Amino acid sequence: MPISFNLNGKKVSVDAAGSRMLAYVLRGDLGLTGTKVGCGAGICGACTVLVDGEAARSCSTPLEAVAGREVTTIEGLERSGALHAVQEAFLAHTAFQCGFCTPGMILNACALLRKNPRPTREQIAQAMEGNLCRCGTHGRILDAVQDAAKGGAR
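First, a word on scope: everything that follows refers to the structure included in this document. Starting from 1, residues in each chain are numbered consecutively following that chain's sequence as written. Local features in this predicted model are restricted to residues of pLDDT 70 or higher, and side-chain atom pairs are both shown and tallied only at a pLDDT of 80 or more, whereas totals for entire chains, interfaces and linings draw on every residue. Side-chain numbers here rest on the full set of heavy atoms in the structure, without hydrogens or water.

**Structural notes on the pattern of salt bridges**
Right, on to step 1. One side-chain nitrogen of Lys or Arg within 4 Å of one carboxyl oxygen of Asp or Glu is enough to make a salt bridge. Following the criterion strictly, the structure yields four salt bridges and no others.
Right, on to step 2. Measuring nitrogen to oxygen at the nearest pair gives 2.8 Å for the salt bridge that ties Arg20 to Asp29.
Right, on to step 3. Only protein chains enter the calculation, and the probe is 1.4 Å; a residue is then buried if its accessible area is under 20% of its type maximum, exposed if over 50%, and partly exposed in between. A relative accessible area of 37% places Asp29 in the partly exposed class.

**Quick look at unusual backbone geometry**
Right, on to step 1. Unlike most non-glycine residues, Asn8 shows phi in positive territory, near 50°.
Right, on to step 2. Note on Asn8: relative accessible area 23%, which makes it partly exposed.
Right, on to step 3. A positive phi is found at Ser80, a non-glycine position, where the angle reads about 50°.
Right, on to step 4. Helix numbering and strand numbering both begin at the N terminus, where a helix is a DSSP run of H or I of at least 4 residues and a strand a DSSP run of E of at least 2. Along the polypeptide, Ser80 turns up in the loop between β5 (70–72) and α2 (85–92).
Right, on to step 5. Classification of Ser80 by relative accessible area gives exposed; the value is 83%.

**Section: the nonpolar core**
Right, on to step 1. Counting residues in each nonpolar core, the largest one holds 25 residues, and the members touching the most others are Val86, Phe90, Met105, Ile106, Leu113, Ile141 and Val145.
Right, on to step 2. Taken together, the elements giving at least two residues each to this core come down to α2, α3 (102–115), α4 (121–128) and α5 (138–150).
Right, on to step 3. In terms of residues, this core owes the most to one element, α3, which gives eight residues.
Right, on to step 4. We call two residues in contact when some of their heavy atoms are within 4.5 Å. When sequence neighbours within four positions are dropped, the list of residues in contact with Phe90 reads Ala95, Phe96, Thr102, Met105, Ile106, Ile141, Ala144 and Val145.
Right, on to step 5. Nine residue types can take part in a nonpolar core, namely buried Ala, Val, Leu, Ile, Met, Phe, Trp, Tyr and Cys, and a core is a set of them joined through side-chain atoms within 4.5 Å. Within the second largest apolar cluster, 16 residues are counted, among which are Phe5, Leu7, Ala16 and Val25.

**Observations concerning the packing of α3 against α4**
Right, on to step 1. To obtain an axis, a line is fitted to C-alpha atoms, over the contacting stretch when the element is a helix, and the angle between two such axes runs from 0 to 180 degrees between their N-to-C directions. Put simply, α3 and α4 touch, their axes get as near as 10 Å, and they point 130° apart. Of the possible angle classes, the one that applies to α3 and α4 is oblique. The element α3 and its partner α4 pack so that their crossing is right-handed. Here α3 contributes Met105, Asn108, Ala109 and Leu112 to the contact with α4, which in turn contributes Ile124, Ala127 and Met128.
Right, on to step 2. The residue makeup of the contact of α3 with α4, split by class, is six nonpolar, one polar and no charged. What sets the label is the angle itself: under 35 degrees gives roughly parallel, over 145 gives roughly antiparallel, 65 to 115 gives roughly perpendicular, and the rest give oblique. We call a crossing left-handed when the near helix sits turned anticlockwise from the far one by less than a right angle, and right-handed when that turn is clockwise. Amino acids outside the nonpolar list (Ala, Val, Leu, Ile, Met, Phe, Trp, Tyr, Cys, Pro) and the charged list (Asp, Glu, Lys, Arg) are all regarded as polar, and Gly is one of them.

As structure tokens, then:
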């Protein structure tokens, strides 16, 4: 039986096993390859998406868990061709190197700023701790999130 949910503002139905992990449905069935799969165990954060505005590890979220809910991927952040404030801040601070972790980092930061629009640097570091970057751009990532917060990220 198809499972329906809202994806980046549009209703979608997927005919797949409910136990299949969301990351693989997004990438394989729906062609949204912005969501990365790193560890495949919900540890590295590369697969982070938003489910009803909350950060969720899509590699460990079964498809059935998002039935009827709103899922936002990196592809769904821009509005009318304009990048999200967090995306703009990542560009401004060159808060990436290889870019593999960047979609998960950005979506995790968006979830943080929705809950806490004016976090301290320490709060940002704590919130981003579960998202790993092998390239070592953590300092620039913290700068970018802090800058996005100053600019009133959505």
